[in-house]
Amino acid sequence: MWQPRYWSGFLNQMAESWDASYDPGSQSEDSYNFERFHIEPIYDAFVCPLTKQVMRDPVTLENGQTFDREAIERWFKECRERGRKLICPLTQKELKSADLNPSIALRNTIEEWTARNEAAQLDMARRSLNTTSPESDVLQSLKYVEYICRKNRSNKHVVRNAELIPMIVDTLKSSNRKVRCKALETLKFVIEEDVDNKAILAEGDTVRTIVKFLSHEQSKEREEAVALLHELSKSEALCEKIGSINGAILILVGMTSSKSENILTVEMAERTLENLEKCDNNVLQMAKNGRLQPLLNQLLEGPPETKLSMASSLGELVLSSDVKVHVASTVGSSLIDIMRSGNIQSREAALKALNQISSCGPSSKVLIEAGILPPLVNDLFTVGTNHLPMRLKEVAATILANIVSSDYEIESIPVGPDHRTLVSEDIVHSLLHLISNTGPAIECKLLQVLVGLTSSPATVLNVVTAIKSSGATTSLVQFIEAPQKDLRVASIKLLQNLSRHMGQELANALRGTVGQLGSLIKIITENIGITEEQAAAVRLLAELPERDLGLTRQMLDEGAFQQIFVRVVRIRQGEARGIRFVTPYLEGLVQVLARVTFVLAEEPDAIAFCRENNLAAVFIELLQSNGLDNVQMVSAMALENLSQESKNLTKLPELPPPGVCASIFPCFSKQPVITGLCRLHRGTCSLKDTFCLLEGQAVEKLVALLDHTNEKVVEAALAAISTLLDDGVDIEQGVMVLCEAEGIKPILDVLLEKRTDNLRRRAVWAVERLLRTDDIAYEVSGDPNLSTALVDAFQHADYRTRQIAERALKHVDKIPNFSGVFPNMG
């Protein structure tokens, strides 16, 4: 009966020192040791004199000496290479012939002897493959199983019949890392090119156990596990099972992109994935985990049912922008072909995939160049046979919305006969008609198409023309009251884009009793975090004609300005939520609030509102909104309007009637001295009630904006400052105010810079007013740059500005004044 001491003796014998003259060549030390150990006694006739090992293929020379074929052939080869005669390595005598005669009987005897020894050794190894054996014994048993499988492929079925595979699998649970690593390595050799052994190994949860070893970062176990999985993956029948293990494909994909992994391990993971691609489900899993190319290959080259499956899955993936561009470049044309000519099921899959990859600008451009627009427009507008159901028209509309949001020159792409494009009047009419006759979901997408078309300066005017000719303005405005948020946002964005080109039409549509204006105000002032919808809504209202008295009156009546004012104050106090849209939202609020200052002369309620809320102070504070150019510009414009009204609101002092003596003897009369009057307006002023810039200490803040880099801000600031020099105020005092605020030089610098025609026009006007003061005229008369700027305006500006420049040149004696020479002329 077998006892453990025999196996221990075997292990001890392997550890002894062998003949130093033997060079095992490519054999491992374990293989050499296993071949030297035998259960039955070894006969000298079995051993090759050259290798000192048991011969595999014994052959006899002419002198009767027997050697292993491989060894003697190597001996003869060395003799020839060294130019020596052929001699017998044992007798050292010359041989006449190199003929080798097989020793068949001896070979058969050796094979029988070897088989008996290997069976006995295998049995001993089998008995050590259990959890109670010493780890060293388990390791040697695994090494022996690997040795016999590598030695002879037929031994693999011996291992299988001995039911060793499940026993080796059990050693994967060992607490010893070396045992686990050796078990993985041994299993690889056991199943290599053996379908039956692979099937046995794949039974139960063994594959899951192997996959778990992949999670051991940068370890020998990880390397051995991926090599074993690679061998299993060569069986198409097992590919699906490997892919079904949770996390297997994800980990393998991660290994292929690792920069810290052993390069051989990366290559093995790559080859494993290539094998797993034989299963469609694995391809889909790879795509979900970032390995998309196999899916794209199947979509291009697979059979129809596979193409359908891959296209359907592509439509459900979440892809990065870079990947979308790659996908569009690779399979965009194929998807468009399917969309154009496939059955409904295939067209649906293609449309959903195109929807997925068209949602970034660069990929949209690729699809446009691949010819997506004509079939897409055809799908949207076709009715009757072969038409798309409405749910797919919605997908088509979504794709079209994605396409037009790119900055591609859409107007140059024909989408129908007679070179019609997407912005041709009849195409836009068709879009508007479809919007009026479909449900909210597709209406939203079609409105987004129009948003894209109106966002481009190259196409917006075509759309405006088509909307006007179709009479669709009122219908589009009605969507402001839609209960669906997405639909409402799309309509507001569209109206905002249109407002710059058809503001009066939109203002007319919003006015009245229908309620759209109230709905718009409600959206703008809703007390929630600042949203994209609110920012778009307030920008829409801000773009409407600022001098539309009817619209402003309605907003006053409905308390809209009060709500807007409250929102501005809260944002300035830091109460805003939703940082992403706060800037466009605040800019819109300030612009809407400023429109109340454009109707002060016609609307007493507007003056009352400005007084009650001390609006002038708010706009003065907003002048210092550094980084918000539009807020600063609009605030300066509002202050210009308020300041222009100051002279009409200032209360002039009432002088007491003269006494009796004064009426008889005027020389005894003395005008009373009234203190506290505004030096500019000659009456009682305040910032809150008369909007006086001087009283509000706004002049210095406006002067500071004259060196702003944005010429529109400079123009608005200069316009507000010019109200200090306007007719109806004390111009001389206005000049003194500007001197005290150190504003003279900045105004002159604006003229010298000549940044825009509007700025020059305003600067020439202001400079002419300044030069009416003799001291200033005298001081600047010697400045050649100023004279040159005035001469340039006198020669090249518009008629009104040339007249003003002429007067300014007279103040500095650059043009003679003939009015005193010909007093009666004209």
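In what follows, the structure referred to is the one given above.
Residue numbers restart at each chain and count upward from 1, following the sequence in its written direction. Restriction of local features to residues with pLDDT of at least 70 applies here, the model being predicted, together with a cutoff of 80 or more for giving and counting side-chain atom pairs; totals for whole chains, interfaces and linings are based on all residues. Only hydrogens and water are removed before side-chain values are computed, so all heavy atoms of the structure are retained for them.

> Before we go on, may I ask you to explain the overall build of the protein in this structure?
By definition, any uninterrupted DSSP run of H or I lasting at least four residues is a helix, any uninterrupted run of E lasting at least two residues is a strand, and each is numbered from the N terminus. When its secondary structure is counted, the protein shows 45 helices and three strands. Looking at the protein as a whole, 50% of its 826 residues are labelled buried. For this analysis, residues touch if any pair of their heavy atoms sits within 4.5 Å. Contacts in the protein between residues far apart in sequence, at least 24 positions, make up 66% of those at least 6 positions apart. Looking at the protein as shown, the accessible area adds up to about 40000 Å², and 49% of this sits on carbon and sulfur atoms. Only protein chains enter the accessibility calculation, which uses a 1.4 Å probe; a residue whose area is less than 20% of its type maximum is buried, one above 50% is exposed, and one in between is partly exposed. Shrake-Rupley sampling with a 1.4 Å probe provides the accessible areas, and residues are treated as covered by the protein chains on show and by no other component.

> Help me understand helix H3 (residues 69-81) in this model?
For an α-helix the count is 3.6 residues per turn, leaving residues at separations of three or four pointing the same way. Take the residue count of a helix, subtract one, and multiply by 1.5 Å to get its expected span. For H3, with 13 residues, the first-to-last C-alpha span of 18 Å sits near the 18 Å given by 1.5 Å per residue. Listed in full, the buried residues belonging to H3 are Ala71, Ile72, Trp75, Phe76 and Cys79. Down the axis, H3 shows its buried residues gathered within 135 degrees of arc, on one side only. Residues Glu70, Lys77, Arg80 and Glu81 are exposed on H3 and point more than 90 degrees away from its buried face. Within two residues after H3, glycine 83 carries a phi angle of roughly 75 degrees, on the positive side. The arc in question is the one spanned by the directions pointing from the helix axis to the C-beta atoms.

> How should I be thinking about the sheet that holds strand S2 (residues 66-68) in this particular structure?
To summarise the sheet geometry, strands pair through backbone hydrogen bonds and adopt either a parallel or an antiparallel arrangement. The strand order across the open sheet formed by three strands is S2-S1-S3, and the pairing between neighbours is antiparallel. A strand with exactly one partner marks an edge of an open sheet, and here the two such strands are S2 and strand S3 (101-102). Any two strands with at least two DSSP bridges between them are considered paired. The pairing of strand S1 (residues 58-60) with S3 spans two bridges and is classified as antiparallel. Residue valine 59 lies in a different strand from S3, and its bridge partner there is proline 102. With respect to the sheet, H3 is in contact with S1, S2 and S3, its orientation differing from that of S2 by roughly 95 degrees. As a rule, the C-alpha atoms of each element are fitted with a line to give its axis, helices using only the stretch in contact, and angles between N-to-C directions run from 0 to 180 degrees.

> Is there a simple way to explain the nonpolar core in this structure?
Among soluble globular proteins, nonpolar side chains are generally buried collectively. By size, the foremost hydrophobic cluster in this structure holds 193 residues, and its most contacted members are Leu314, Leu335, Leu453, Phe619 and Leu738. With eleven residues, helix H27 (residues 485-510) is the single largest residue contributor to this core. In this description, a nonpolar core means a group of buried Ala, Val, Leu, Ile, Met, Phe, Trp, Tyr and Cys residues linked to one another through side-chain atoms lying within 4.5 Å. With 52 residues, the next largest nonpolar core counts Ala202, Val211, Val226 and Ile245 among its residues.

> What is the right way to read a negative patch on the surface from this model?
The patch calculation keeps residues exceeding 30% relative accessible area without a salt bridge and links them within 9 Å when they carry like charges or within 5 Å when they are nonpolar (Val, Leu, Ile, Met, Phe, Trp, Tyr). Criterion for a salt bridge: a side-chain nitrogen of Lys or Arg within 4 Å of a carboxyl oxygen of Asp or Glu. His is not counted here, nor are the chain ends, while Lys and Arg score as positive and Asp and Glu score as negative. Every charge is mapped onto a representative atom, which is NZ of Lys, CZ of Arg, CG of Asp or CD of Glu. Side chains of Asp557, Glu558, Asp605 and Glu612 sit close together on the surface and give a patch of like negative charge. Looking at where aspartate 605 falls in the secondary structure, it is placed in helix H33 (residues 604-612). Aspartate 605 sits in the partly exposed class, given a relative accessible area of 44%.

> Would you take a moment to explain unusual backbone geometry for this structure?
A negative phi angle is the norm for most residues apart from glycine, just as the trans form is the norm for most peptide bonds. Phi at glutamine 92 takes a positive value of approximately 65 degrees, unusual for a residue other than glycine. Look at glutamine 92 and you get partly exposed, because its relative accessible area is 47%. Of note in the backbone geometry, glutamate 742 takes a positive phi value of approximately 55 degrees without being a glycine. Assignment of secondary structure puts glutamate 742 in the loop between helix H40 (731-740) and helix H41 (744-753).

> Sorry, what's going on with the packing of helix H24 (residues 440-454) against H27 here?
Relative orientation and spacing of two packed helices are given, respectively, by the angle between their axes and the distance between those axes. Interaxial distance between H24 and H27 falls to 9 Å at its minimum, and their mutual angle equals 25 degrees. The angle between the axes of H24 and H27 places the two elements in the roughly parallel class. Regarding H24 and H27, the two cross each other, and that crossing is left-handed. For the pair H24 and H27, contact is made by Pro440, Glu443, Cys444, Leu447, Gln448, Leu450, Val451 and Thr454 and by Asp486, Leu487, Ala490, Ser491, Lys493, Leu494, Asn497 and Leu498, respectively. Only Asp, Glu, Lys and Arg are considered charged, only Ala, Val, Leu, Ile, Met, Phe, Trp, Tyr, Cys and Pro nonpolar, and every remaining residue, Gly among them, polar. Of the residues contributing to the contact of H24 with H27, the split by class is nine nonpolar, four polar and three charged. Angle categories: roughly parallel below 35 degrees, roughly antiparallel above 145, roughly perpendicular from 65 to 115, and oblique for all the rest. In a left-handed crossing the near helix is turned counterclockwise from the far helix by less than a right angle, and in a right-handed crossing that turn is clockwise.

> Is there a simple way to think about the side chain of arginine 567 in this case?
As for its position among the elements, arginine 567 is in helix H31 (residues 560-572). In this structure arginine 567 comes out as buried when scored by relative accessible area, which is 8%. Any N or O atom pair separated by 3.5 Å or less is treated as a polar contact, with the protein-specific requirement of one donor-capable and one acceptor-capable atom, and with residues adjacent in sequence counted only for side-chain atom pairs. For arginine 567, the side chain forms a polar contact with the side chain of tyrosine 585, separated by 3.0 Å. Setting aside residues up to four positions removed in sequence, arginine 567 forms contacts with Ile524, Thr525, Glu526, Asn527, Ile528, Ile530, Gln534, Tyr585 and Leu589.

> I tried to follow the pattern of salt bridges on my own but got confused; where do I start?
A side chain with one charge can pair with a side chain of the opposite charge if their charged atoms come near. Tallied over the full model, the rule gives 45 salt bridges. Glutamate 231 is the salt-bridge partner of lysine 234, the closest N and O atoms lying 3.1 Å from each other. Of the charged contacts in the structure, one is a salt bridge between lysine 745 and aspartate 749, with a shortest N-O distance of 2.9 Å. Taken as a pair, lysine 745 and aspartate 749 lie in helix H41 at a separation of four residues, close to a single helical turn. Judged by its relative accessible area of 57%, lysine 745 falls in the exposed class. The exposure class of aspartate 749 is partly exposed, given its relative accessible area of 24%.

> Teacher, can you tell me more about the packing of aromatic side chains here?
Centre-to-centre distance and the angle between the planes together describe a pair of aromatic rings. Note on ring pairs: Phe, Tyr and Trp rings are taken, using the six-membered ring of Trp, and paired if centres are within 6.5 Å. Classes follow the plane angle, with under 30 degrees stacked, over 60 edge-to-face and the rest tilted. What the rule picks out here adds up to four aromatic pairs. Seen in terms of ring centroids, tyrosine 43 and phenylalanine 46 are 5.3 Å apart; in terms of plane orientation they differ by 70 degrees. Their pairing is edge-to-face. Of the residues examined, phenylalanine 46 reaches a relative accessible area of 6% and is grouped as buried. The rule is short: NZ of Lys or CZ of Arg within 6 Å of the ring centre and within 35 degrees of the ring normal puts a charge over the ring. Looking at lysine 188, its charged tip hangs above the ring of phenylalanine 189, at a distance of 4.2 Å from the centre.

> What exactly am I supposed to notice about helix H15 (residues 280-288) here?
Where H15 is concerned, the buried positions are Asn282, Val283, Leu284, Met286 and Ala287. On the buried face of H15, the contacting elements are helix H12 (236-244), helix H13 (248-256), helix H14 (263-276), helix H16 (293-301) and helix H17 (304-314). Following H15 by one or two positions, glycine 290 adopts a phi angle in the positive range, close to 95 degrees.

> Looking at this structure, how should I read the side chain of threonine 186?
Turning to its location among the elements, threonine 186 is positioned in helix H8 (residues 177-191). With relative accessibility at 0%, the residue threonine 186 sits in the buried group. If we skip the residues at most four places from it in the chain, threonine 186 touches Leu142, Val145, Glu146 and Ile168.

> Just to check I follow, could you spell out the environment of leucine 308 for this structure?
One can find leucine 308 in helix H17. A C-alpha to C-alpha distance of 9.4 Å links leucine 308 and isoleucine 338, two positions 30 residues apart in sequence. If we skip the residues at most four places from it in the chain, leucine 308 touches Gln345, Ser346 and Ala349.

> Any chance you could explain the state of the cysteines here in plain terms?
Working definition: the covalent bond between the sulfur atoms of two cysteines is a disulfide. Count a disulfide wherever a pair of cysteine sulfur atoms falls within 2.5 Å. What the rule picks out here adds up to zero disulfides. Here cysteine 678 stays free of any disulfide, with the sulfur of cysteine 685 as its closest cysteine sulfur at 3.9 Å. Residue cysteine 678 is classed as buried on the basis of its relative accessible area of 3%.

> What should I look at first to understand the packing of helix H11 (residues 220-233) against H12 in this one?
Put simply, H11 and H12 touch, their axes get as near as 8 Å, and they point 135 degrees apart. Here H11 lies oblique to H12, going by the angle between them. Along the contact surface, H11 presents Leu229, Leu232 and Ser233, while H12 presents Leu238, Cys239 and Ile242. By residue class, the composition of the contact of H11 with H12 is five nonpolar, one polar and no charged.

Read these as layout, nothing more, since geometry by itself doesn't imply function.
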